[in-house]
Amino acid sequence: MFQFKSFEMAARKSYILAAIFIVLLCTEATLVRGANSGNNSGNGNSGSNNGSGNTGNNNGNGNTGTNNGNGNNGNSNGNGNNNGNGNNGNNNGNGNGNNGNNGNGNNGNGNGNGKDFDDLTPLASGQERQLCKAKGNCYYKTLTCPSECAQKKPKKNKKNKACYVDCSSKCEAVCKWRKANCDGYGSLCYDPRFVGGDGVMFYFHGAKGGSFAIVSDDNLHINAHFIGTRPQGRTRDYTWVQSLAVMFDAHTLVISAKRVSHWDDKIDVLSIRWDGDRVDLPLDGDAEWETNVEERKVAIERTDDTNNVRVSVAGLLQMDIKVRPIGKQENKVHNYQLPEKDAFAHLETQFKFKNLSDLVEGVLGKTYRPDYVSPVKRGVPMPMMGGEDKYQTPSLFSPLCRVCRFQRPSGVASI
């Protein structure tokens, strides 16, 4: 009898242990399934609640911080949403859920804090130092600005070159001008001459008084408003870009050149508006304006005493903008026949984009597609790009055109 009871007790213990083991297995399976829906979800994440609820391939790889990539759908998600310091490393191709084909190399540093380094205490000479955080050869290396350009944002003399810190494989701190380079990638200058993301130069004349979509993507839209003149006997307008409207999320940033009858380099003729309100950019001190909206920093800083600014929108783009007139000699050489009492002040701009999709549109935007082949005729003085009918918008503030991709959030109207 005693042996039977002992056997019964041992059997019950075995059943209890087996039940506990099954519960543990089920719990582990649930946790694994919740954290890894799809293929390779949340790999390399550190912190709590990483990659929860992701569906699709390669979600949230390499994110650090809390709540990385939650609820993203599609391929290559986990694009720096609510990441503590974001995705450390350059050219992560973050956020472009277009079948995982983001190979054009134009997607910038997907760092949630907008940069891939931390500022350290400057040297006694005033040279700034940075500690790189980008994964790779430069990880945790200290870069020191050259003595010729000791600061990233020179304050006392904005005309000096600035220190540019590159924590990518180049791993260097070098001196660069903070001005638009009209021969560089992504430039829009003169009457109007573009250099595309593919490096090909072309002209797009648009029309006097018209507005055209320069870039139109899922999360960014840029319109340009053209001013111009048509001398007697000409079959087309001479045109220049007078205003840019940058639209993203529910916001609109407008930068314009004011109309002036006579040009004076010492007079600032920049006009800046943020969601319809005028922005007063200081002429002295740091000469900066910034705001933070929906965890996205927008900053505007002067890069010269007047008429030159750098505009940065975190995670989207950087623009170097200069206002200049059409001078008397230029008017004479090109036979513009400009009317009196109008200096035709206009913008010269160079764009640097981050996180463009593979289906980006726009006069300039489409040249950043990985499979783009320019249709313009090479080897001629003025290779022309058509498409005015595809890219014309109803106004400077409208994101609507025949091929435009950007859509405002529901309930948001144009200015």
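Moving on to the overall build of the chain. Regarding its fold elements, the chain presents three helices and 20 strands. Counting all 415 residues of the chain, 46% fall into the buried class. Here the chain displays about 21200 Å² of accessible surface, and carbon together with sulfur accounts for 49% of that area.

All right, on to the state of the cysteines then. Working definition: the covalent bond between the sulfur atoms of two cysteines is a disulfide. All told, the structure shown has six disulfides when counted by the stated rule. Disulfide pairing is shown between cysteine 132 and cysteine 167; the S-S distance is 1.9 Å. When the S-S torsion is -75 degrees, as for the bridge of cysteine 132 with cysteine 167, the disulfide is left-handed. A residue pair is termed long-range when its members are at least 10 positions apart, and cysteine 132 in strand β2 (residues 129-132) and cysteine 167 in the loop between β4 (162-166) and β5 (172-176) qualify at 35 residues. Overall, cysteine 167 belongs to the buried group, its relative accessible area being 2%.

To continue, consider the sheet that holds strand β16 (residues 296-302). An order of β8-β7-β6-β19-β18-β17-β16-β15 is seen for the eight strands of this open sheet, with the pairing classed as antiparallel. The open sheet has two edge strands with one neighbour each: β8 (201-203) and β15 (288-293). Going from strand to strand, the sheet's axes swing by 15 degrees on average, the running direction of each strand aside. Taken together, the eight bridges between strand β18 (residues 317-324) and strand β19 (residues 346-353) define a ladder with antiparallel strand orientation. Looking across to β19, one finds that isoleucine 321 is bridged to threonine 349.

Applying the stated criterion to the full structure yields 13 aromatic pairs. Ring geometry for phenylalanine 194 and phenylalanine 204: centres 6.4 Å apart, planes at 85 degrees, overall edge-to-face. Remark: phenylalanine 204 occurs in the loop between β8 and β9 (211-216) and phenylalanine 194 occurs in strand β7 (residues 193-195); sequence separation between them is 10 residues. The residues phenylalanine 194 and phenylalanine 204 share a single accessibility class, namely buried. By way of ring pairs, the aromatic residues Phe194, Phe202, Phe204, Phe212 and Phe226 are connected into one cluster. For the cation-ring pair, lysine 135 lies above tyrosine 139, with the distance from its terminal atom to the ring centre recorded as 5.9 Å. Geometry around tyrosine 164 places lysine 176 over its ring, the cationic atom sitting 4.2 Å from the centre.

Before going further, it helps to spend a moment on the side chain of aspartate 342. Relative to the elements of secondary structure, aspartate 342 occurs in the loop between α2 (328-334) and β19. Owing to a relative accessible area of 16%, aspartate 342 belongs among the buried residues under this scheme. Among the polar contacts listed, one links the side chain of aspartate 342 to the side chain of arginine 259, at a separation of 3.3 Å.

This paragraph deals with the sheet that holds strand β1 (residues 117-120). Spatially, three strands are ordered β1-β2-β3 in an open sheet, and the strand pairing comes out antiparallel. Of all strands in the sheet, those with a lone pairing partner are β1 and β3 (142-144), marking the two edges. Adjacent strand axes in the sheet meet at a mean angle of 30 degrees, parallel and antiparallel pairs treated alike. Alignment of β2 against β3, held across three bridges, turns out to be antiparallel. Bridge pairing links leucine 131 to threonine 142 in β3.

This part covers empty space enclosed by the protein. On inspection of all chains with the given rule, the structure shows two cavities of 30 Å³ or more. As a volume, the largest cavity reaches approximately 50 Å³. Lining the largest cavity, in full, are Lys153, Pro154, Lys155, Lys158, Arg178, Asp286, Glu288, Glu301 and Arg302. Residues of the lining of the largest cavity, tallied by class, amount to one nonpolar, no polar and eight charged. Of the pockets and cavities examined, the second largest cavity occupies roughly 30 Å³. Around the second largest cavity, the lining residues are Lys153, Glu288, Trp289, Glu290, Ala299, Ile300 and Glu301. In the lining of the second largest cavity, the residues fall into three nonpolar, no polar and four charged.

Below, the discussion takes up the layout of surface pockets. In this model, the second largest pocket occupies a volume close to 340 Å³. Forming the boundary of the second largest pocket are 14 residues, of which Ser261, Ile326, Lys328, Glu340 and Asp342 lie nearest the centre. Per-class residue counts for the lining of the second largest pocket are six nonpolar, four polar and four charged.

The subject of this paragraph is the pairing of β19. Along β19, seven of the eight residues are buried, which leaves the element largely enclosed by surrounding structure. Two elements, strand β6 (residues 187-189) and β19, share two bridges in a ladder whose sense is antiparallel. Across the sheet, the residue bridging to serine 187 is glutamine 350, located in β19.

Turning to the pattern of salt bridges, a few remarks are in order. Under the counting rule described, the total for this entry stands at 21 salt bridges. With a closest N to O distance of 3.9 Å, lysine 153 and glutamate 301 form a salt bridge. Taken as a pair, lysine 153 in the loop between β3 and β4 and glutamate 301 in strand β16 lie far apart in primary sequence, 148 residues in all. Taking the relative accessible area as the measure of exposure, glutamate 301 reaches 10% and is therefore buried. When salt bridges with common partners are traced through the structure, they connect Lys153, Arg178, Glu288 and Glu301 into a single cluster.

Criteria and thresholds
- Residues numbered from 1 in each chain as written.
- Predicted model: local features only at pLDDT ≥ 70, side-chain atom pairs only at ≥ 80, totals over all residues.
- Heavy atoms only, no water.
- Helix = DSSP H or I, 4+ residues; strand = E, 2+ residues; numbered from the N terminus.
- Buried < 20%, exposed > 50% of the residue type's maximum accessible area, 1.4 Å probe, protein only.
- Areas by Shrake-Rupley, 256 points an atom, 1.4 Å probe, with all protein chains shown as cover.
- Disulfide = S-S within 2.5 Å.
- Pairing = 2+ DSSP bridges.
- Axes fitted to C-alpha atoms, helices over the stretch in contact; angles between N-to-C directions.
- Phe/Tyr/Trp six-rings, centres within 6.5 Å; stacked < 30°, edge-to-face > 60°.
- Lys NZ or Arg CZ within 6 Å of the ring centre and 35° of its normal.
- Polar contact = N/O pair within 3.5 Å; in protein donor to acceptor, adjacent residues only side chain to side chain.
- 1 Å grid on protein atoms, 1.4 Å probe; cavity = no way out; pocket = protein on both sides within 12 Å on 5 of 7 lines; lining within 4 Å.
- Points joined across faces, edges and corners; volume = space filled by probe spheres on them.
- Nonpolar A, V, L, I, M, F, W, Y, C, P; charged D, E, K, R; others polar.
- Salt bridge = Lys/Arg side-chain N within 4 Å of Asp/Glu carboxyl O.

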